[in-house]
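Chain by chain, the residues:
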Amino acid sequence: MAEAPALREVVPSLRRSLRRFGPELRKQRLLLVGATLFIILETAMRLVEPWPLKFVLDQAITTTPTEGSSGIGFIDALSPDTLLLVCGVAVAVAAALRAGFSYLSTVALALAGNRMLTEIRGQLYRHVQRLSLRFHSKARAGDLLTRIIGDIGRLQEVMVTAALPLFANTLTLVGMAIVMFLINWQLALVALALFPLFSPAMVRSGGKIRGVARKQRKQEGEMAAVASESLGAIKVVQALGLEKTLEKGFAASNHASLKEGVQGKRLAAGLERRVDVLVGIGTALVLWFGALQVRKGAITPGDLVVFLMYLKTAFKPMRDLAKYTGRLAQAAAAAERVVELMDTEPDVRDRPGAVPAPALAGHVRFEQVSFAYDYGERLAICGLDLDVPAGTRVALVGPSGAGKSTLASLVPRLYDPIAGRITVDGHDLRDLTLESYRAQVAVVLQESVLFGVSIRDNIAWGTAGATDDDVEAAARLANAHDFISALPEGYETVMGERGATVSGGQRQRIALARAAVRDAPILVFDEPTTGLDEANEREVSEALNRLSAGRTTFLIAHALATVEHADLILYLHSGRVVERGTHAELLALGGAYAAAHALQSAERARHRPAELAPAR
């Protein structure tokens, strides 16, 4: 009995999801009203279909207790041959109309459902993009893709293949039950007596099916996550020979999904067969009791045939419910996952009263700022006070894990500090709308990502409304114009995924061009020259210098030679600024920066290529 509550949660779960999707559902009210109207008309045709057969049996073939009188003047006035013709035409017309109304209701509901869920998918995608990095650092991309694509797709499928038939058949059941009671209430009670027996079977099996469906959707999310991670890092996978290792992880999730899927199908099939047995018992009882009623003259043979045909149709919702329980359970699980994601609140968002940012000069202040990636964890930034006048170039240096990238991530408000505040031109960042503030900040990461569109679009996406002239000017500023122009298709060259069709240095210069076209007063560069050869490093460094001129710039660097001309150098350790000053001041201080600079200078001298000795 432990599974019973689970099935009872299916309908409430779907109901909660529908309430969550209420605004989108209301936009399709006209289509939904039309679909409902067509379902009612289809139901009416189903109710009419058996009656011509009754008239044939009672009026044209057998002598009945009503002595050949149906009580309908038009029918009684017809000759047997004419009655047969009229009834045959009536059957064909009713079937054709029922099919037409069914088609229209299916199309109307499918259109409404697809429109609604397409809009929900778009909202979900927009919502996921706006969730903070704290969420994305824990979530798995493959599972998010499964929710956006797979779970919404499952809801679309179920709406047409399960929800519509169940609604139509349930409406038919109600109509037929009313007609059966009007014909003979005793036989109607016999026909409907077995319906309460369906509920326990549904509850017991349905709860198990829903649990299995939930596990299967989770396994599919894990499979998608493994596949996404391995394909996104395919170069590393192949270089390290990790194919078999990752195949094992994928196979484990794949087999687990198969096991849950088979179990779900087995449970659904068992439920359908139990329903078939109950339907057979109900039909036998109606046939036995109905035949007795015919022999007593209480009803006609035609009435009994109408009852049996109604009963066959009336039991269809029960068969369908058994058939679609698995689908409904999967839909409930999918809807829960979608709603759970949609209800996730971003940590970084516009707070009430936030206003659009004015044109900023770039005067940045950190006032007693502390930050931790998770509440209760070690502070990544601790009590930072920093005043950066507009146009200042600030270099962030220090050992790995010192807090350089964390500090830089606070500037474009990718995270909010847990204590203190950050201001730009005197405005608390939380008082400005995210979109308007970030539009005035340009970021270039250590491994810049290019999108699978043309180089022109990759650069133009840096700011809204960028013209071709803006794109070319930005490319020239970033030392990218010459190599782009040398490509066979120039600026129209379509990038491979993540920019795999160009070299690392070229990719960085395109990313710099994307930052340049933004013309932002605040720049954040996260080790943009790391991993580049000497020629590319020189090209990128020249572009950085031109791009940062007159702008507030935060540059994270490992190679200290690249920050010697910075206006202010901050040496961080364990989330604190332990030294600050210009290059000359820090060398004179003789502290951690000076020691690190001396060590790197010695390393460069040791690895500088020796001059070739003259040939003998």
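Please read these numbers as outputs of a predicted model, since none were measured by experiment.

Rules behind the numbers
Residues numbered from 1 in each chain as written. Predicted model: local features only at pLDDT ≥ 70, side-chain atom pairs only at ≥ 80, totals over all residues. Heavy atoms only, no water. Helix = DSSP H or I, 4+ residues; strand = E, 2+ residues; numbered from the N terminus. Buried < 20%, exposed > 50% of the residue type's maximum accessible area, 1.4 Å probe, protein only. Contact = heavy atoms within 4.5 Å. Areas by Shrake-Rupley, 256 points an atom, 1.4 Å probe, with all protein chains shown as cover. Core = buried A, V, L, I, M, F, W, Y, C linked by side-chain atoms within 4.5 Å. Patch = residues over 30% accessible without salt bridge, like charges linked within 9 Å, V, L, I, M, F, W, Y side chains within 5 Å. Salt bridge = Lys/Arg side-chain N within 4 Å of Asp/Glu carboxyl O. 1 Å grid on protein atoms, 1.4 Å probe; cavity = no way out; pocket = protein on both sides within 12 Å on 5 of 7 lines; lining within 4 Å. Points joined across faces, edges and corners; volume = space filled by probe spheres on them. Nonpolar A, V, L, I, M, F, W, Y, C, P; charged D, E, K, R; others polar. Polar contact = N/O pair within 3.5 Å; in protein donor to acceptor, adjacent residues only side chain to side chain. Pairing = 2+ DSSP bridges. Axes fitted to C-alpha atoms, helices over the stretch in contact; angles between N-to-C directions. Parallel < 35°, antiparallel > 145°, perpendicular 65-115°, else oblique. pLDDT = per-residue confidence, 0-100.

Thoughts on the overall build of the protein
Along the protein, the regular secondary structure elements total 24 helices and 10 strands. Buried residues in the protein amount to 45% of all 616 residues. In the protein, the proportion of contacts linking residues at least 24 apart, taken out of those at least 6 apart, comes to 79%. Surface summary for the protein: the accessible area is close to 31,000 Å², and the carbon and sulfur share equals 60%.

Side note on the nonpolar core
Grouped together as the largest cluster of nonpolar side chains are 42 residues, with contacts concentrated most on Ile-459, Ile-484 and Leu-512. The leading source of residues in this core is helix H21 (residues 504–516), at 6 residues. The contact partners of Ile-459, leaving out residues within four places of it in the chain, are Val-471, Ala-474, Ala-475, Ile-484, Tyr-491, Ile-510, Ala-513, Arg-514 and Val-517.

Thoughts on a nonpolar patch on the surface
Judged by side-chain polarity, Val-277, Ile-281, Leu-285, Trp-288 and Leu-292 come together as a nonpolar surface patch covering roughly 460 Å² of accessible area. Turning to its location among the elements, Ile-281 is positioned in helix H13 (residues 243–296).

Focus on empty space enclosed by the protein
The tally for this structure, following the rule as stated, stands at 1 cavity of 30 Å³ or more. Looking at the largest cavity, its volume works out to about 30 Å³. Across the lining of the largest cavity, the residue classes tally to 4 nonpolar, no polar and 4 charged.

Overview of the side chain of Arg-430
By the secondary structure assignment, Arg-430 is in the loop between strand S5 (427–428) and helix H17 (434–438). Here the side chain of Arg-430 touches Gly-420 through a polar contact of 3.2 Å, landing on its backbone oxygen. Contacts of Arg-430, omitting those with residues within four sequence positions, involve Arg-351, Ala-354, Arg-413, Asp-416, Pro-417, Gly-420 and Arg-421.

A short note on the sheet that holds strand S10 (residues 576–581)
Across the sheet, 6 strands lie side by side as S6-S7-S8-S3-S9-S10; this open sheet has mixed pairing. Sheet topology places strand S6 (441–444) and S10 at the edges, where each strand pairs with a single neighbour. Neighbour-to-neighbour, the strand axes of this sheet turn through a mean angle of 15 degrees, independent of strand direction. Strand direction decides the pairing type here: strand S3 (residues 393–397) and strand S9 (residues 568–573), joined by 4 bridges, are parallel.

Examining the packing of H21 against helix H22 (residues 534–548)
Between H21 and H22, the least distance of the axes is 10 Å, while the angle of their chain directions is 10 degrees. In this view, H21 runs roughly parallel relative to H22, as classed from their interaxial angle. Between H21 and H22, the residues in contact are Gly-505, Gln-506, Gln-508, Arg-509, Leu-512, Ala-515 and Ala-516 and Asn-536, Glu-539, Val-540, Ala-543, Leu-544 and Leu-547, respectively.

Thoughts on the pattern of salt bridges
Summed over the entire model, instances satisfying the criterion amount to 17 salt bridges. The partner of Glu-340 in a salt bridge is Arg-147, with the nearest N and O atoms 3.0 Å apart. Of this pair, Glu-340 sits in helix H15 (residues 316–342) while Arg-147 is found in helix H9 (residues 141–183), placing the two residues 193 residues apart along the sequence. Arg-413 is paired through a salt bridge with Asp-416; the nearest N and O atoms lie 2.7 Å apart. In terms of burial, Arg-413 and Asp-416 fall into one category: buried. Here the residues in one salt-bridge network are Arg-365, Glu-367, Asp-387 and Arg-421, joined through shared partners.

Quick notes on the confidence of the model for the protein
Taken over all residues, the pLDDT of the protein has a mean of 78, while the share at 70 or more is 75%. Taken as a whole, residues 610–616 scores under 50 in pLDDT and shows 0 contacts with residues more than four places along the chain or in a different chain.

Observations concerning the environment of Ala-419
Looking at the element boundaries, Ala-419 is found in strand S4 (residues 419–424). According to the relative accessible area criterion, Ala-419 is partly exposed, its value standing at 32%. Expressed as a C-alpha distance, the spacing of Ala-419 and Glu-367, which sit 52 residues apart in the sequence, is 9.0 Å.

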